[in-house]
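# A look at the structure
What follows is the residue order along each chain.
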Amino acid sequence: MRQKNTISGRNRLSNGNSPKEKSPTLKILFGDIRKMTSKEVADGEVALIVTSPPYYNAPFDYPGLYSSYEEYLDLLRAFASQSKRVLGAGRICAIVTDDMLVKEEDTGRGKKYPIVADTTEVFVREGFSYRDKITWVKPAGYTRISRRSGVVLQHPYPMYFYPDNIQESILLFQNGEFDYGHMKSLSPEAVESSKIDTARLNSEGWTMSVWNITNVLPMSGRVEEGVAAFPDEIPSRLIKLFTYAGETVFDPFLGSGTTLKVARELGRKGIGYELDLELKDVIKKKLGLDYHRWTGEDFSIEEASGAKNLRKILQSKVQQQKSVVA
Ligand SMILES: C[S@@+](CC[C@H](N)C(=O)[O-])C[C@H]1O[C@@H](n2cnc3c(N)ncnc32)[C@H](O)[C@@H]1O
């Protein structure tokens, strides 16, 4: 359903110079990222991708979503190829992801899938350069993890050790060389408002390859309930570190809409792609889009190819899950 289509033209990387571009635009598409077309998101249109793909068949979020790991890798390959197409030259694709422990149907035991390594392999193979990896560390009391360390506590002997996981990876891939002369094509206001606060950078430890950031707590009644959302702080840091004001940030696995919410707050434009139609109300609520009549905000919501209802099915499966230990 098209709610409002105010997007005029699909320019390559906008430089925030034209007055028309000053108010950031939000564009939300419901569909399968594998089927995204250049009419929806144009070649080279995007300055930064910030995203977190589904966590394979994660017991608490996506049980049984993929029939095999190979099918999941195919999704990552399509995501890498779409990212290469839509990103501007030298720009960054930032992926929040983690290896996943999934219970095997036949043995009933947990099997660990090397998703971080495989995502890296898929993106490098697609032609990206591997720029960096940041480790996102959550508070030690994070309640949603499987308490795998209980095994060695019950059997305090060698070979019973499995650690509790309180980290995820933020992988940074770069699409070729960035032209640092780009800054000269921007307005002085765009450059000034994009300046990074170095005092904060130092005091909050953004300069390090380990970021300590509290996760979104899985409390019932939260707008992000059941979505595996990342905290605002992650897109906030990445958007400030890798885009100029007025440029476009894209999240191909939009979930509850965190990336777009933060992009808008920081004066960037946002495009989001999401498979699950049942997240439409969640996204609208998180972005306050029902109030656009009063704010006059420029946004569009469209249904594209492959969109489907997913959330209720997954949540009923989640309720039947038990923690996987080993
Ligand atoms: C880990 S969640 C993203 C959460 C998001 N970062 C947030 O803060 O809310 C991954 C999302 O990808 C969506 N998804 C899964 N397969 C997809 C596909 N083929 N195309 C587009 N979205 C997909 C899921 O429905 C889910 O909402």
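Here the structure is a predicted model, which is why all the values come from computation and not from measurement.

### Here we look at the overall build of the chain
A count of helical and extended segments in the chain gives ten helices and eleven strands. Counting the 326 residues in the chain, one finds 36% classified as buried.

### Observations concerning the pairing of strand β5 (residues 110–113)
Consecutive side chains along a regular strand alternate between the two faces of the sheet. As judged from the four bridges shared by strand β4 (residues 100–103) and β5, these two strands associate in the antiparallel manner. Within the sheet, the bridge partner assigned to L101 lies in β5 and is K112. Here β4 folds back onto β5 in antiparallel fashion, the turn holding six residues, of which G108 has a positive phi close to 75°.

### Comments concerning the nonpolar core
Counting residues in hydrophobic clusters, the biggest one holds 64 residues, and the most contacted among them are L48 and A94. Per element, the largest residue contribution to this core is six residues, and it comes from strand β3 (residues 87–97). Excluding anything up to four places from it in sequence, A94 contacts I49, V50, I170, L172 and L238.

### Let's talk about the site of the ligand
In the vicinity of the ligand there are 21 residues, among which A229, F253, G255, S256 and T258 approach most closely. Class assignment of the residues belonging to the shell around the ligand gives a composition of twelve nonpolar, four polar and five charged.

### Points about helix α8 (residues 280–287)
Residues of α8 that are buried include every one of V282, I283 and L287, and no others. With its buried residues spanning 115° around the axis, α8 presents them on a single face. On its buried side, α8 packs onto β1 (26–30) and α7 (258–265).

### Digging into the sheet that holds strand β10 (residues 269–274)
Strand order in the open sheet formed by nine strands is β8-β6-β7-β3-β2-β9-β10-β1-β11, and the pairing between neighbours is mixed. Taken across any chain shown, the strands that pair with only one partner, and hence form the sheet edges, are β8 (210–212) and β11 (299–303). When strand polarity is set aside, the average angle formed by the axes of neighbouring strands in this sheet is 15°. Two strands pair when backbone bridges link them, and strand β6 (residues 129–137) and β8 are joined in this way by three bridges, in the parallel orientation. The residue of β8 that forms the bridge with V137 is N212. Each of β2 (46–51), β3, β6, β7 (167–174) and β9 (248–251) touches helix α6 (residues 233–242); the most contacted strand, β2, lies at about 160° to it. Strands β1, β2, β9 and β10 of the sheet are contacted by α7, whose axis makes an angle of about 175° with β10.

### A few points about the environment of L314
Take L314: it is sitting in helix α10 (residues 311–319). C-alpha separation for the pair L314 and G226, spaced 88 residues apart in sequence, amounts to 8.8 Å. Setting aside residues up to four positions removed in sequence, L314 forms contacts with Y62, P63 and L65.

### Topic: the confidence of the model for the chain
A residue-level look at the chain finds 87% of positions with pLDDT of 70 or above and a mean pLDDT of 88. Segment residues 1–24 is flagged for pLDDT under 50; beyond a separation of four residues in sequence, or across chains, it makes 50 contacts in the model.

### A word on the packing of α6 against α7
Two elements in contact, α6 and α7, have axes whose closest approach is 9 Å; the angle formed by their N-to-C orientations is 50°. It follows from the interaxial angle that α6 and α7 lie oblique. Between α6 and α7 the crossing geometry is right-handed. Mapping the contact onto sequence places P235, S236 and I239 in α6 and T258, T259, V262 and A263 in α7.

### Regarding the packing of helix α1 (residues 69–86) against helix α2 (residues 115–125)
Interaxial distance between α1 and α2 falls to 9 Å at its minimum, and their mutual angle equals 40°. Compared by their axis directions, α1 and α2 come out oblique. Here α1 and α2 pass one another in a crossing that is right-handed. Between α1 and α2, the residues in contact are L73, L76, R77 and A80 and D118, T119, V122 and F123, respectively.

### Some words on unusual backbone geometry
Glycine aside, the phi torsion of most residues is negative, and most peptide linkages are trans. The backbone phi angle of Y56 is positive, close to 40°, even though this residue is not glycine. Here Y56 lies in the loop between β2 and α1. A positive phi angle, near 85°, is found at M159, a position not held by glycine. Tracing the backbone through its elements, the reader meets M159 in the loop between α3 (150–154) and β7. Residue class for M159 comes out exposed when judged on the 7 C-beta atoms lying within 10 Å of it.

Rules used throughout
- Residues numbered from 1 in each chain as written.
- Predicted model: local features only at pLDDT ≥ 70, side-chain atom pairs only at ≥ 80, totals over all residues.
- Helix = DSSP H or I, 4+ residues; strand = E, 2+ residues; numbered from the N terminus.
- Buried ≥ 20, exposed ≤ 12 C-beta atoms within 10 Å, placed from the backbone.
- Pairing = 2+ DSSP bridges.
- Core = buried A, V, L, I, M, F, W, Y, C linked by C-beta atoms within 7 Å.
- Contact = placed C-beta atoms within 7 Å.
- Near = placed C-beta within 6 Å.
- Nonpolar A, V, L, I, M, F, W, Y, C, P; charged D, E, K, R; others polar.
- Arc of directions from axis to C-beta.
- Axes fitted to C-alpha atoms, helices over the stretch in contact; angles between N-to-C directions.
- pLDDT = per-residue confidence, 0-100.
- Parallel < 35°, antiparallel > 145°, perpendicular 65-115°, else oblique.
- Left-handed = near helix turned anticlockwise from the far one by under 90°.

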